[in-house]
Amino acid sequence: MSTLTHAVHDSTTMLRRNLKHAIRYPSVGLGSALTPILMLLLFVYAFGDSIGAGMGGGRGTYVNYLTPGIIIMGVAAGSMSTSIAVCSDMTEGIINRFRTMDITRSSFMTGHVIGSVIQTMVCMVPVVGVALAVGFRSGATPLEWLAAAGLLTAIAFAVTWLSVALGLISKTVESASNKPLLIQFLPFLGSAFVPADSMSPGLRWFAEYQPFTPMTETLRGLLSGSEIGDNGWISLAWCAGIALVGHVWSRSLFNGTSKR
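The structure presented is a predicted model; accordingly, all values stated were derived computationally and were not measured.

Chemist: Would you explain the overall build of the protein chain in this entry?
Modeler: What the protein chain contains, in helices and strands, is 12 helices and zero strands. If you list the helices and strands of the protein chain from N to C, you get α-α-α-α-α-α-α-α-α-α-α-α. Reported as C-alpha extents along the three principal axes, the dimensions of the protein chain are approximately 65 × 35 × 35 Å. Per-residue burial for the protein chain yields a buried fraction of 45% across its 260 residues. By sequence separation, contacts in the protein chain at least 24 residues apart represent 80% of the contacts at least 6 residues apart. For the protein chain, the accessible surface area stands at approximately 12600 Å², while carbon and sulfur atoms represent 67% of it. When the 16 basic and 12 acidic side-chain charges of the protein chain are each reduced to a single mean position, those positions are 14 Å apart.

Chemist: Can you walk me through the nonpolar core in this structure?
Modeler: For soluble globular proteins, the rule of thumb is that nonpolar side chains tend to be buried together. Counting 54 residues, the largest nonpolar core has L66, I71, I155, F193, F212 and L219 as its most contacted members. Among the elements of the structure, α2 (26–54), α3 (59–77), α4 (79–91), α6 (107–133), α7 (142–169), α11 (212–224) and α12 (231–258) are those that each provide at least two residues to this core. The element that contributes the greatest number of residues to this core is α7, accounting for 11 residues.

Chemist: How do you make sense of the packing of aromatic side chains when you look at a structure like this?
Modeler: Aromatic ring pairs are described here by two measures, namely the spacing of the ring centres and the angle between the planes. Going through the model one piece at a time under the given rule, you end up with six aromatic pairs. Site record: aromatic cluster; members linked through ring pairs are F43, F47, F185, F188 and F193. Over the aromatic face of Y65 sits the side chain of R220, whose NZ or CZ is 3.6 Å from the ring centroid.

Chemist: Help me understand the side chain of S191 in this model?
Modeler: The residue S191 is located in the loop between α9 (181–185) and α10 (201–209) in this model. In this structure S191 comes out as buried when scored by relative accessible area, which is 2%.

Chemist: What should I look at first to understand the pattern of salt bridges in this one?
Modeler: Two side chains of opposite charge can pair, provided their charged atoms sit close to one another. Following the criterion strictly, the structure yields two salt bridges and no others. Salt-bridge contacts for R59 lead to D49; the nearest nitrogen and oxygen are separated by 3.1 Å. With R59 in helix α3 and D49 in helix α2, this pair connects stretches of sequence that are 10 residues apart. With a shortest N-O distance of 2.7 Å, E217 and R220 are connected by a salt bridge. Here E217 pairs with R220, and both are found in helix α11, just three residues apart, close to one helical turn. Assessed through its relative accessible area of 9%, R220 is described here as buried.

Chemist: Could you clarify how one ought to interpret the environment of I37 in this entry?
Modeler: Mapped onto the secondary structure, I37 falls in helix α2. Residue classification places I37 among the buried residues on the basis of a relative accessible area of 15%. Along the sequence, I37 and K171 sit 134 residues apart, while their C-alpha atoms lie 31 Å from each other. Look past the residues within four positions of I37 in its chain and what remains in contact with it is P126, V127 and V130.

Chemist: When you look at the environment of L182 in this model, what are you seeing that I'm missing?
Modeler: The residue L182 is located in helix α9 in this model. A relative accessible area of 63% means that L182 is categorised as exposed. Distance from L182 to A76, taken between C-alpha atoms, is 9.4 Å for residues 106 residues apart in sequence.

Chemist: Please clarify how the packing of α3 against α7 should be interpreted in this entry.
Modeler: The angle between the axes and the distance between the axes are what describe a pair of packed helices. Their axes nearest at 9 Å, the elements α3 and α7 cross at an angle of 35°. Crossing handedness for the pair α3 and α7: right-handed. Contacts between α3 and α7 pair I71, I72, V75 and A76 from the former with L152, I155, A156 and V159 from the latter. Residue composition of the contact of α3 with α7, grouped by class: eight nonpolar, no polar and no charged.

Chemist: When you look at the state of the cysteines in this model, what are you seeing that I'm missing?
Modeler: Each disulfide is one covalent bond, formed between the sulfur atoms of two cysteines. On inspection of all chains with the given rule, the structure shows zero disulfides. Free of any disulfide, C239 has its nearest cysteine sulfur in C123, 19 Å distant. Accessibility expressed as a relative area gives 5% for C239, which makes it buried.

Reading guide: rules and limits
- Residues numbered from 1 in each chain as written.
- Predicted model: local features only at pLDDT ≥ 70, side-chain atom pairs only at ≥ 80, totals over all residues.
- Heavy atoms only, no water.
- Helix = DSSP H or I, 4+ residues; strand = E, 2+ residues; numbered from the N terminus.
- Buried < 20%, exposed > 50% of the residue type's maximum accessible area, 1.4 Å probe, protein only.
- Contact = heavy atoms within 4.5 Å.
- Areas by Shrake-Rupley, 256 points an atom, 1.4 Å probe, with all protein chains shown as cover.
- Lys, Arg positive; Asp, Glu negative; His and termini not counted.
- Charge placed at Lys NZ, Arg CZ, Asp CG, Glu CD.
- Core = buried A, V, L, I, M, F, W, Y, C linked by side-chain atoms within 4.5 Å.
- Phe/Tyr/Trp six-rings, centres within 6.5 Å; stacked < 30°, edge-to-face > 60°.
- Lys NZ or Arg CZ within 6 Å of the ring centre and 35° of its normal.
- Salt bridge = Lys/Arg side-chain N within 4 Å of Asp/Glu carboxyl O.
- Axes fitted to C-alpha atoms, helices over the stretch in contact; angles between N-to-C directions.
- Left-handed = near helix turned anticlockwise from the far one by under 90°.
- Nonpolar A, V, L, I, M, F, W, Y, C, P; charged D, E, K, R; others polar.
- Disulfide = S-S within 2.5 Å.

In structure tokens, the structure reads:
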């Protein structure tokens, strides 16, 4: 068996392990879907009329504006479970057993990442369903919906690698659950809930240059069937950079613990 084949086989085994854990303990995955759904309902029914009126429409206008930002926030929230799962494996001793076995070292992290991406994408289905139920309407073509799914997968992949690194540096499961909170709520400081142009100068500058704003605007454009401009390429560049940083950081941390 070649090295590549061995690595793929081991990663598949780890992926199957993580998916079984997700099925056995669905509460973590459901939480990833519940948070954005609650935020969607809160903003639509508590603030939708007033914010929508300020945007030149009503609640329906705001639902169409808000939904892409809520989906992006849900994808970011899905990374929290990865950080917890990685930290749990590192602190409960199972990783020491893996190291005594003839498995590819990187398969441990690869299985977590791919499993989390799958789980996150599945959790976004009920979020979209609730958005449609409260009035979200999309003018996207099937190809644009496919592109939107691809973008969300890229974001989930990038953020999950970063979450793996956060799980590896955490000493306890509790701290692992807290570290990804910044990732989860960073969309709040972008254009997810209100246009960046309506913010104060300092906050507007931050919103325009942080990664989740072009991601949100790209998804918003795809789902509405409108132009996305340069936001698409900027979003993919951010995803590639975050994934690379997370991957390199995770490998360094994991190899460092292996030498202890």
